[in-house]
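Architecture and fold: a report
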Amino acid sequence: MSSVEQLLRAPLSELTDRYLVRAQAVPTGLLAALEADCRQGARLLARRIRSRQEKNRAEGQRLRHLLRYETELWEQGLERVAGVDEAGMAPLAGPVVAAAAILPRSYRLKGLDDSKKILDAERREELAVLIKQDAVAWAVGIAEVEEIDRLNIYHAGLLAMRRAVLALGLTPDYALVDARKIPECPCPQRGIVHGDELSMSIAAASILAKTTRDRMMAELDARYPGYGLAAHKGYPTPQHVQALREKGVLPIHRRSFGPVREALGVPPAQAELFPPAPPVNPP
């Protein structure tokens, strides 16, 4: 009796557990045999397995596509490619957090994507743990509220990115940066528009930056209860704006931002949105 015939004698629940739940390799001929089986449950199992295989192939193609910038650099001999991204540009409260991540060559992590596309906070945390375990190096950089108000949010974000790169503990051969270029970057770099959707290294950095900042905002929520910081993470939601008006401005609020200035009774700032960058302070 062939191995496929032996498998067909097994309960369908066992085959489901083996090839769907535990995702073991499907022996040659088993799918065709299940599709030809007179049992409706066997044919349904075959369809589910094929659907899983198609999704896995699509995910593999997506991940290969996400590595195209890194692969181009690896083929040039640039092994340590850092992805850099930030989180927290739009909130009214809390720091802006950047992260840098150097992934192993040809690294693929199923489900890794731009943090904004991963709505499940637990899944983002799971991915962050795996990235930290697997990365050649990773680090975060922070620009505090006082720096945001002094430099403006755009340049504070760049400062956080620079700090993240410098905190890696090694100098990257090259940096891929989401949308911008980092002043005084210690290595060659390239800014990629929508880079968190197009580069795996930048996507990994976006996950690390987002999860780090979310944890910081949860800690600030415990320090300043009643503002909903753990829920809205400092973003200008109606709940947050109402709390600003009713409870007042906290030390962690960005006084250069319109709704905070309004709550303080201060006229809107008239400065240009992105004035020339001031001198960068040492990290």
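Here the structure is a predicted model, which means the values were calculated and not measured. (Residues numbered from 1 in each chain as written. Predicted model: local features only at pLDDT ≥ 70, side-chain atom pairs only at ≥ 80, totals over all residues. Heavy atoms only, no water.)

**Observations concerning the nonpolar core**
If you look at the biggest cluster of nonpolar residues, it comprises 30 residues, and the most contacted ones within it are L103, L112, I131, L176, M200 and I207. Residue assignment for this core shows that the elements contributing at least two residues are α4 (40-66), α5 (68-74), β1 (81-87), β2 (96-102), α6 (121-134), β4 (174-178) and α10 (200-223). The element best represented in this core is α10, accounting for eight residues. Apart from the residues within four sequence positions on either side, M200 is in contact with L63, L66, L67, E70, L103, Y107, R108, L109 and L112. A160, V165, C185 and L244 belong to the second-largest nonpolar core, a separate cluster that totals 28 residues. (Core = buried A, V, L, I, M, F, W, Y, C linked by side-chain atoms within 4.5 Å. Buried < 20%, exposed > 50% of the residue type's maximum accessible area, 1.4 Å probe, protein only. Helix = DSSP H or I, 4+ residues; strand = E, 2+ residues; numbered from the N terminus. Contact = heavy atoms within 4.5 Å.)

**Focus on α4**
With 27 residues, α4 extends 39 Å between its outermost C-alpha atoms, agreeing within 8% with the 39 Å of an ideal straight helix rising 1.5 Å per residue. Listed in full, the buried residues belonging to α4 are A42, L45, A46, I49, E59, G60, L63 and L66. Looking at the buried positions of α4, the neighbouring elements they touch are α2 (12-21), α3 (30-36), α5, α9 (195-198) and α10. (Expected span 1.5 Å × (residues − 1).)

**Remarks on the UniProt feature "binding site: a divalent metal cation" (unreviewed entry) in the protein chain**
The residues that UniProt annotates with the feature "binding site: a divalent metal cation" (unreviewed entry) are D85, E86 and D178. The annotated residues occupy 94 residues of the chain but converge on a single region, no pair of C-alpha atoms lying more than 8.1 Å apart. For the largest pocket, the lining residues among the annotations just cited are D85, E86 and D178. You can see D85 is positioned in strand β1. Aside from chain neighbours lying at most four places away, what touches D85 is V97, A98, A99, M161, D178, D196, I202, A205, S206 and A209. Relative to the assigned elements, D178 resides in strand β4. Beyond its immediate sequence surroundings of up to four residues, D178 is in contact with V84, D85, M161, I192, H194, G195, D196 and I202. (UniProt positions renumbered as here; feature names shortened; annotations may be inferred. 1 Å grid on protein atoms, 1.4 Å probe; cavity = no way out; pocket = protein on both sides within 12 Å on 5 of 7 lines; lining within 4 Å.)

**Side note on the layout of surface pockets**
Of the voids in this model, the largest pocket is the one considered here, and its volume is about 430 Å³. Taken together, 23 residues form the lining of the largest pocket, with E86, A87, K116, D196 and Y235 sitting closest to its centre. When residues of the lining of the largest pocket are traced back to their parent elements, those giving at least two are β1 and α10. The element that contributes the greatest number of residues to the lining of the largest pocket is α10, accounting for four residues. When the residues that make up the lining of the largest pocket are grouped by side-chain class, the tally is seven nonpolar, four polar and 12 charged. (Points joined across faces, edges and corners; volume = space filled by probe spheres on them. Nonpolar A, V, L, I, M, F, W, Y, C, P; charged D, E, K, R; others polar.)

**Some remarks on a positive patch on the surface**
A cluster of basic residues, R48, R52, K55 and K110, forms a positive patch at the surface. When you line up the elements, K55 lands in helix α4. (Patch = residues over 30% accessible without salt bridge, like charges linked within 9 Å, V, L, I, M, F, W, Y side chains within 5 Å. Areas by Shrake-Rupley, 256 points an atom, 1.4 Å probe, with all protein chains shown as cover. Salt bridge = Lys/Arg side-chain N within 4 Å of Asp/Glu carboxyl O. Lys, Arg positive; Asp, Glu negative; His and termini not counted. Charge placed at Lys NZ, Arg CZ, Asp CG, Glu CD.)

**Re the domain arrangement of the protein chain**
Here the protein chain is described as being made up of domain 1 (3-64) and domain 2 (78-222). Computed from C-alpha atoms alone, the centre-to-centre distance between domain 1 and domain 2 is 39 Å. Of the residues lining the interface, five residues belong to domain 1; the matching set on domain 2 comes to seven residues. Regarding the contact of domain 1 and domain 2, the summed buried area is about 500 Å², with carbon and sulfur atoms giving 50% of it. Put simply, domain 1 and domain 2 have one salt bridge between them. Across the pair D113 and R62 runs a salt bridge whose closest N-O atoms are separated by 3.5 Å. At the boundary of domain 1 with domain 2, the tally comes to three residue pairs in polar contact (both at pLDDT 80 or more). Of the residues that constitute the side of domain 1 that touches domain 2, the class distribution is one nonpolar, one polar and three charged. (Domains from an automatic or database assignment. Buried area = accessible area lost by both parts, 1.4 Å probe. Polar contact = N/O pair within 3.5 Å; in protein donor to acceptor, adjacent residues only side chain to side chain.)

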